[in-house]
Amino acid sequence: MSIDPGHNGANAQHISEIDRLVWIGNGTKACNTVGTSTDAGYPEHAFNWDVATRVVAKLRAAGATVVLTRPNDSGWGPCIDQRAAIANGAHAAAAVSIHADGGPSGGRGFHVIEPALIPGLNAANIAPSARLGSALRDAVRAGSSFPTSTYAGSNGIVVSSIYGGLNLAKVPAVFIECANMRNATDAALLVQPAVRDRLASAIVAGIAAYLAG
C-alpha cells in the first residue's frame, strides 16, 4: 500500500521550489501547494499527516506493507509526480492520497477523486481505480462522521484528469478529500482526534474491502 499525506508542513517556506512546474501526463502543474486550513488556522497538511499516520498504523497492525510518500510534516514536497513514482516503484496494491478540501463554506462532506481516462497513458488503471474509489466511498460514508459531499461530484465521487498523482499512477489510485475545512460544521469535527481516528478506521476498511475484491 502507498499512503500519501497531501502537502507538507514547510511548503509555505519553499514557495519557489513548490511552484516549479512538473509534467502530469497531460500538461504541467506546480510541483506542490501549501494546502488549505480551517478558519481557525488548523492547516490541511497537519490534518493529512495525522489521518495518514493513523491509517498506516492500522494497516501495518493488520499485516500490510505500507510506504508513506513523506516521512514527517516538517519538510517540503515531494512533488506530485514524485508521489506517484513512489507508489509505482513500490508496486503498491493501491495508492490513497489523503487531503481535506477548501470548498465553499456552505458545503459539507467528503468526496473521493478517481482518475479520468487519458488516452495512451492510463487506460489500464481506470477500472481498478474506480473500484478502489467506490470501496473507499462506501466505507467512509458508513464509518466516519462526514456525509458525502454536498458541493462536489456525484454521490461522493469526482472523476478528474487534473491531478498528477492520479494521472501518473501505474497502480490503482484515488484521492480522498476527507472533509471541507472551510465549512464550520466539518471544521469543528475534524479538529477532534477521535473523529480523525474514526475516519482513519473507515479509510482502512475501504482499502480492505477493495483488496478483498
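Structure: above.
Residues numbered from 1 in each chain as written. Predicted model: local features only at pLDDT ≥ 70, side-chain atom pairs only at ≥ 80, totals over all residues. Heavy atoms only, no water.

Q: Looking at this structure, I do not really get unusual backbone geometry. What am I missing?
A: One can expect most non-glycine residues to show negative phi and most peptide bonds to be in trans. For the peptide bond that leads from Gly 77 to Pro 78, omega is -5°, which places it in the cis range. Relative to the helices and strands, Pro 78 resides in the loop between β4 (67-68) and α3 (80-89). Positive phi, close to 65°, is recorded for His 7, a residue that is not glycine. Checked against the element boundaries, His 7 lands in the loop between β1 (2-5) and α1 (15-18). (Helix = DSSP H or I, 4+ residues; strand = E, 2+ residues; numbered from the N terminus.)

Q: Is there a simple way to think about the pairing of strand β6 (residues 111-115) in this case?
A: The side chains of a regular strand alternate, first on one face of the sheet and then on the other. β6 sits mainly inside the fold: 5 of its 5 residues count as buried. Traced from β6 through helix α4 (residues 123-143) to strand β7 (residues 157-160), the parallel crossover comes out right-handed. (Buried < 20%, exposed > 50% of the residue type's maximum accessible area, 1.4 Å probe, protein only. Right-handed = clockwise from strand over helix to strand, strands pointing away.)

Q: In this structure, what is going on with the pattern of salt bridges? I would like to understand it.
A: Side chains carrying opposite charge are able to pair once their charged atoms draw close together. Inspection of the entire model under this criterion finds 10 salt bridges. In this structure, Arg 83 and Asp 4 form a salt bridge, with 2.6 Å as the shortest nitrogen-oxygen distance. Here Asp 4 lies in strand β1 and Arg 83 lies in helix α3, a separation of 79 residues in the sequence. The exposure classification of Arg 83 matches that of Asp 4, with both residues buried. Put simply, Asp 50, Arg 54, Lys 58, Arg 196 and Asp 197 are held in one network by salt bridges that share partners. (Salt bridge = Lys/Arg side-chain N within 4 Å of Asp/Glu carboxyl O.)

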